Amino acid sequence: MPLSMMKSGEPGRIKKVGGKEDTRRFLESLGFVIGEVVTVISDINGNIIVNIKDARVAIGKDTANKIYV
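These figures come from a predicted structure and were not determined experimentally.

Basis of the calculations
Residues numbered from 1 in each chain as written. Predicted model: local features only at pLDDT ≥ 70, side-chain atom pairs only at ≥ 80, totals over all residues. Heavy atoms only, no water. Helix = DSSP H or I, 4+ residues; strand = E, 2+ residues; numbered from the N terminus. Buried < 20%, exposed > 50% of the residue type's maximum accessible area, 1.4 Å probe, protein only. Contact = heavy atoms within 4.5 Å. Pairing = 2+ DSSP bridges. Axes fitted to C-alpha atoms, helices over the stretch in contact; angles between N-to-C directions.

A. Geometry of the environment of Gly19. Assignment of secondary structure puts Gly19 in the loop between β2 (16-17) and α1 (21-30). Owing to a relative accessible area of 39%, Gly19 belongs among the partly exposed residues under this scheme. Each C-alpha atom of the pair Gly19 and Gly9 lies 25 Å from the other, and the pair is ten residues apart in sequence. Setting aside residues up to four positions removed in sequence, Gly19 forms contacts with Arg24 and Lys66.

B. Just the sheet that holds strand β4 (residues 47-52), in detail. Pairing is antiparallel in the open sheet, where four strands are placed in the order β1-β3-β4-β5. Lying at the two open borders of the sheet, with one neighbouring strand each, are β1 (11-13) and β5 (55-60). For this sheet the average axis-to-axis angle between neighbouring strands, irrespective of direction, equals 35°. Pairing geometry for strand β3 (residues 37-44) and β4, over six bridges, is antiparallel. Counted as the bridge partner of Ser42 is Ile49 from β4.

Nothing here speaks to function; it is all geometry.
Here it is in C-alpha cells:
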C-alpha cells in the first residue's frame, strides 16, 4: 500500500520506491530506501510528516503515493 494510506503512529517497512529516476534518487537521499522502517507522524492538508532514520521529514501526498510499504 502507498505510504499516504498509512495511519498515524503505524510503522511500516518500505518495499518499493517508484517515480522517475530523479525522484527516486531524491527520496533515497532523504532515507527512503527499501527495507527501512518509516512511521507516519501526522497528515495535515495533504502534507505527510514521517519519522525515518531518527529524523522527521515532510513530504507531499503525491510523493507519498510513490513510496510503497
